[in-house]
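# Report on the structure
These are the residues of each chain, in order.
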Amino acid sequence: MDKKVRVRFAPSPTGGLHLGGVRTALFNYLFAKKNNGTFVLRVEDTDQTRFVEGAEEYIAACLNWCGITPDESPANPGAYGPYRQSERKPGYRKFAEQLINDGYAYYAFDTPEELDAKRKEVANFQYGQTTRMQMRNSLTLTLSEVEDLLAAKTPHVIRIKVPENEIVHFNDAIRGDVSFDTSLVDDKVLLKADGMPTYHLAVVVDDKAMEISHAFRGEEWLPSAPVHILLWKYLGWEADMPQWAHLPLILKPDGHGKLSKRDGDRLGFPVYAMNWTDPKTGDVTKGFKELGFMPEAFVNMLALLGWNDGTDQELFTLKELEEKFSVDRISKAGAKFDFEKAKWYNHEWIKSQSAEKIAPQVAVELKNAGIEVSNQPLLLTVIDMIKDRCTLLPDFVAQSSYFFATPSVYDINAVKPKWTPEKADFFTAFAERLTLADAASEEAAFKALAEEKGFKPGELMLPFRIMLVGGKFGPGVFDIAVLLGIEETKDRITKASIAFSA
Ligand code: GLU
């Protein structure tokens, strides 16, 4: 019988969550949903030196924002807890010792100074098959020496003994058969001097304990795979090993190398899902959320970085992705990140949403800009009028603030050089005759009056727009006027005429 599908997203809480991390979480989540499985969040915090306060809560918040909430996690434990590796610490040593007893691992007592000296002596030193017999470990010391050192509580680590000249094979759901020559693999530390496992031991022990059936993770973990495969085998658990799936890298926009946070800083786009505040320095790194991305658009964009459904369709809801996701449509090749394309997704998502759906988010943006909207029907009408012009959520502020407050500045240079007393007279007359029954009839009246006064209507349209909006943007100017109403339109005409004439 097939194993029940259980997948895990296993981040280390070390700082901001890179969009590649979110994509890994997303693909795990989609696979779980597609197969009625369980999506687990496991916090891999065994490296105490890299632990960052608040990072775990932040990761959980990012997943929540994206709508890919885990079924089991530290905050919502299932039957396989604890879900933080640091809390599982007592369970790892016995497996490291089992490996020693079976001849697959050994104690290493080399001090940091000894290791440093060796690194100086041997270029590109690696602790492994060519060097292990020159070091101070249970392979080179006698049994009684080892026993004495252990009895004296001498600091030590446990290392895997990688076999010589073997080819390690495994099946990757994306890459097919993958093989590694063990002569290129070093003897990784499995258990550290502080008794904590390293990632390599913990990931295997926990995938087994948590009955993980499939492991989607970034391609950057591929070089570690042979160590993991050997451990699965050496611990006698090969039959339970998860199906591996190494996701293609997310590349820099020019395709050269993996996208890093530094690329985002350099090129001016976010790389983290949400704002990340470094607890030590207080530095804030901007995230997609705070820049004004909708979570639906962010998730949609990520899904298409390395996956497609075999058609040209680019816009998917999370529900659709849950139904359509399939591993065989994940590409092997790295996916270039394109910020313009990311914005395109957001724009498409904004356009496709009903005003009701996005009104709360728009209201937050307006509030942040100091605009309190009490008239909900007006807000909905405005959203419908301008959403096609908004790419990021804060664009709603620039595109709509004039509906809620009289412009305080005008693009005066666009009007002033051609402004004349005759034009001012035209607007006075026009203001008096305003009916604003509907945009089309008001436009016709405007044009008729312009012609009557000897103007080409075109020369008056721009000043009118700037009177109402403040700048050269926005939807149809007569639509705007109708929404503002007679009083407000008149007031704006009067106020702006004075400013233009000054
Ligand atoms: N803790 C690893 C990380 O930070 C997990 C890698 C894996 O999924 O095996 O990404």
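Shown above is the structure to which this text applies.
The structure presented is a predicted model; accordingly, all values stated were derived computationally and were not measured.

Side chains Arg-6 and Arg-8 of strand β1 (residues 6-9) all project onto a buried face; the interleaved residues Val-7 and Phe-9 project onto the opposite face, where all are buried too. Two elements, β1 and strand β2 (residues 38-41), share four bridges in a ladder whose sense is parallel. Bridge pairing links Phe-9 to Leu-41 in β2. Handedness of the crossover joining β1 and β2 through helix α1 (residues 19-34): right-handed.

As enumerated under the stated definition, the model contains 40 aromatic pairs in all. Between Phe-430 and Phe-464, the aromatic rings sit 5.4 Å apart at their centres with planes inclined by 90 degrees, giving edge-to-face as the arrangement. Of the two residues, Phe-430 sits in helix α16 (residues 421-433) while Phe-464 sits in helix α18 (residues 457-469), which places them 34 residues apart along the sequence. For Phe-430, a relative accessible area of 2% corresponds to the buried category. Phe-464 sits in the buried class, given a relative accessible area of 0%. Of the aromatic side chains, those joined through ring pairs into one cluster are Tyr-410, Trp-419, Phe-426, Phe-427, Phe-430, Phe-446, Phe-455, Phe-464, Phe-478 and Phe-500. Its guanidinium or amino end placed over the ring of Phe-27, Arg-23 lies 5.6 Å from that ring's centre, counting from NZ or CZ. Across the ring face of Trp-344, the terminal group of Lys-341 is positioned such that the distance to the ring centre comes to 4.4 Å.

Here we come to the site of the ligand. Close to the ligand lie Arg-8, Ala-10, Ser-12, Glu-44, Tyr-199, Val-203, Arg-217 and Trp-221. In the environment of the ligand, a nitrogen atom lies 2.8 Å from a nitrogen or oxygen atom belonging to the backbone of Ala-10. The contact in question runs from an oxygen atom of the ligand to an N or O atom on the side chain of Ser-12, over 3.3 Å. Protein chains bury 84% of the 300 Å² of accessible surface belonging to the ligand in isolation. Of the residues that constitute the shell around the ligand, the class distribution is four nonpolar, one polar and three charged.

Quick look at helix α17 (residues 439-452) now. The terminal C-alpha atoms of α17 lie 20 Å apart, and with 14 residues this matches the ideal 20 Å at 1.5 Å per residue to within 8%. Looking at the buried side of α17, the elements it contacts are α16, α18 and α19 (477-484). Two or three places before Ala-440, at the opening of α17, Asp-438 has a side-chain oxygen 3.1 Å from that residue's backbone nitrogen.

Looking now at the nonpolar core. In this structure, Phe-298, Phe-337, Phe-427, Phe-430 and Phe-464 are the most contacted members of the largest nonpolar core, which totals 109 residues. With nine residues, α1 is the largest single contributor of residues to this core. Not counting residues up to four positions away in its chain, the partners in contact with Phe-430 are Glu-442, Phe-446, Leu-449, Phe-464, Phe-478 and Ile-493. If you look at the next biggest cluster of nonpolar residues, it comprises 39 residues, including Phe-109, Val-178, Leu-201 and Ala-225.

The next thing to look at is the pairing of strand β9 (residues 243-247). Counting buried positions along β9 yields four of five residues, so the element is predominantly enclosed. Both strand β8 (residues 214-218) and β9 contribute to a ladder of five bridges, which runs parallel. Paired with Arg-217 across the bridge in β9 is His-246. Handedness of the β-α-β unit built from β8, helix α7 (residues 225-234) and β9 comes out right-handed.

Glancing now at the sheet that holds strand β3 (residues 105-108). Sheet architecture is open: three strands sit in the order β3-β4-β7, paired in antiparallel fashion. The strands lining the two open edges of the sheet, one partner per strand, are β3 and β7 (189-191). Across the sheet, the axes of successive neighbouring strands diverge by a mean angle of 40 degrees, strand direction being ignored. Bridging between β3 and strand β4 (residues 157-160) involves four bridges; their strand directions are antiparallel. Across the sheet, residue Tyr-106 finds its bridge partner in β4, namely Arg-159.

Let us look at the state of the cysteines. Counting across every chain of the model gives zero disulfides. Distance from the sulfur of Cys-62, which forms no disulfide, to the nearest cysteine sulfur (Cys-66) is 6.8 Å. Overall, the relative accessible area of 0% leaves Cys-62 in the buried class.

Take the pattern of salt bridges next. Counted by the stated rule, this structure contains 32 salt bridges. Residues Arg-8 and Asp-207 are paired through a salt bridge, measuring 2.9 Å at the closest nitrogen-oxygen approach. With Arg-8 in strand β1 and Asp-207 in helix α6 (residues 199-209), the pair connects residues that are 199 residues apart, well separated along the chain. Given a relative accessible area of 1%, Asp-207 falls into the buried group.

What counts and what doesn't
- Residues numbered from 1 in each chain as written.
- Predicted model: local features only at pLDDT ≥ 70, side-chain atom pairs only at ≥ 80, totals over all residues.
- Heavy atoms only, no water.
- Buried < 20%, exposed > 50% of the residue type's maximum accessible area, 1.4 Å probe, protein only.
- Helix = DSSP H or I, 4+ residues; strand = E, 2+ residues; numbered from the N terminus.
- Pairing = 2+ DSSP bridges.
- Right-handed = clockwise from strand over helix to strand, strands pointing away.
- Phe/Tyr/Trp six-rings, centres within 6.5 Å; stacked < 30°, edge-to-face > 60°.
- Lys NZ or Arg CZ within 6 Å of the ring centre and 35° of its normal.
- Near = heavy atom within 4 Å.
- Polar contact = N/O pair within 3.5 Å; in protein donor to acceptor, adjacent residues only side chain to side chain.
- Areas by Shrake-Rupley, 256 points an atom, 1.4 Å probe, with all protein chains shown as cover.
- Nonpolar A, V, L, I, M, F, W, Y, C, P; charged D, E, K, R; others polar.
- Expected span 1.5 Å × (residues − 1).
- Contact = heavy atoms within 4.5 Å.
- Core = buried A, V, L, I, M, F, W, Y, C linked by side-chain atoms within 4.5 Å.
- Axes fitted to C-alpha atoms, helices over the stretch in contact; angles between N-to-C directions.
- Disulfide = S-S within 2.5 Å.
- Salt bridge = Lys/Arg side-chain N within 4 Å of Asp/Glu carboxyl O.

Limitation: the analysis is restricted to geometry and does not speak to function.
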